[in-house]
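A closer look at the structure
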Amino acid sequence: MKVFVTGVTGYIGGSVAMRLLEAGHSVRGLARNEGQFDALRALGIEPVHGSLDDTQLLMREARAADAVINAASSDHRGAVESLLAALAGSGKALLHTRGSSIVGDAVAGSRLNGKVYDEHTPLDVMPEKSGRHALDTLVCQTEGVRGIVVCNSLIYGRGRGLQRDSVQIPALVSQAQESGVVRTVGPGLNRWSTIHVEDMSDLYLLTLEQARGRGFYFVENGESSFAEIAQSIARRLGISRIKQWTEAEAISYWGLNKARYSLGSNSRVRATRAREELGWKPSHPSVIQWILESL
């Protein structure tokens, strides 16, 4: 298949693109920075110069492709609407990337939330995230398009494209290396489901290649608390001190979204549909084992 990928210079998009190439597909990737074009071509990706605001470009590329993967901004409604309009009536697949913070809370690391979601659980979405949920619904319900939402949990592992690092664990690691202290938001009792980047990429490929792949999919293979993650980072880096930050202190360093809705929240999901319907079998080590052995 000829696949058009947005966000191809990023961690998720680059890793997925490399998996597609391994499986024999061709990839054209949207990129803003012409300075990255030679590096993309060296990986086997044909760069397309533009951004998510280039409506006509997006529509032209989508029509020319056999499938489209949006791995850039999950919240750019205009881009998603343009891609859906271009694919309308074609039956082609649009894979839209989402993060599982959409079902997250805001507990500042203070406690474990017992709520666990799978694809059959009604989503309890915070008001500030209702627009995201509406966009996901649009992707899944647009007539004449095989709409797929891939909702990733905390991703770990080395990216295979131009961007090698993910978001959450590298943020904890860089702060620890800078200060000599591993930090958690509050006591770090909050838990996130996790997934290795290569297992994640395998699921993108499965949903693309299997015609029955459609609708909303969580992506996870286990879960850990941030206290457990912090302990593993400390052990791996040889750091003896683990200390708590208040939410305000964490926000001052990491910013509001990352501190409150990522590092300080619970996001617990189960990838039921991918396992039962698509035969997805994630196989990589847990996030704790990966930190201790491969970070």
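Structure's up top.
Residues numbered from 1 in each chain as written. Predicted model: local features only at pLDDT ≥ 70, side-chain atom pairs only at ≥ 80, totals over all residues. Heavy atoms only, no water.

**Some points on the pairing of strand β10 (residues 215-219)**
What counts here: Exposure classes here rest on a 1.4 Å probe applied to the protein chains alone. A residue is buried below 20% of its type maximum, exposed above 50%, and partly exposed in between. Each helix corresponds to a stretch of at least 4 residues labelled H or I by DSSP, and each strand to a stretch of at least 2 residues labelled E; elements are numbered beginning at the N terminus. Strand pairing is assigned whenever DSSP identifies at least 2 bridges connecting the two strands.
Burial analysis of β10 places five of its five residues in the buried class, the great majority of the element. With five bridges joining them, strand β6 (residues 146-152) and β10 adopt parallel strand pairing. Opposite asparagine 152, over in β10, you have valine 219 as the bridge partner.

**A closer look at helix α8 (residues 226-237)**
Put simply, the rule is: In this scheme, a helix's expected span is set at 1.5 Å multiplied by one less than its residue total.
Helix length check: α8 (12 residues) gives 16 Å between terminal C-alpha atoms against 16 Å at 1.5 Å per residue, within 8%. The first or second residue beyond α8 is glycine 238, which carries a positive phi of 70°.

**Some remarks on the sheet that holds strand β9 (residues 191-196)**
Put simply, the rule is: All axes here are fitted lines through C-alpha atoms, helices being fitted over the stretch that makes contact, and every angle between N-to-C directions spans 0 to 180 degrees. Note on definitions: a residue-residue contact is assigned when non-hydrogen atoms from the two residues lie within 4.5 Å.
Strand order in this open sheet of three strands is β7-β9-β11, and the pairing throughout is mixed. In this open sheet, the two strands that pair with only one neighbour each are β7 (154-156) and β11 (223-225). Averaged over all adjacent pairs, the angle separating strand axes in this sheet is 45°, with direction ignored. Two elements, β9 and β11, share three bridges in a ladder whose sense is antiparallel. What sits directly across from serine 193, in β11, is glutamate 223. Strands β7, β9 and β11 of the sheet are contacted by α8, whose axis makes an angle of about 80° with β11.

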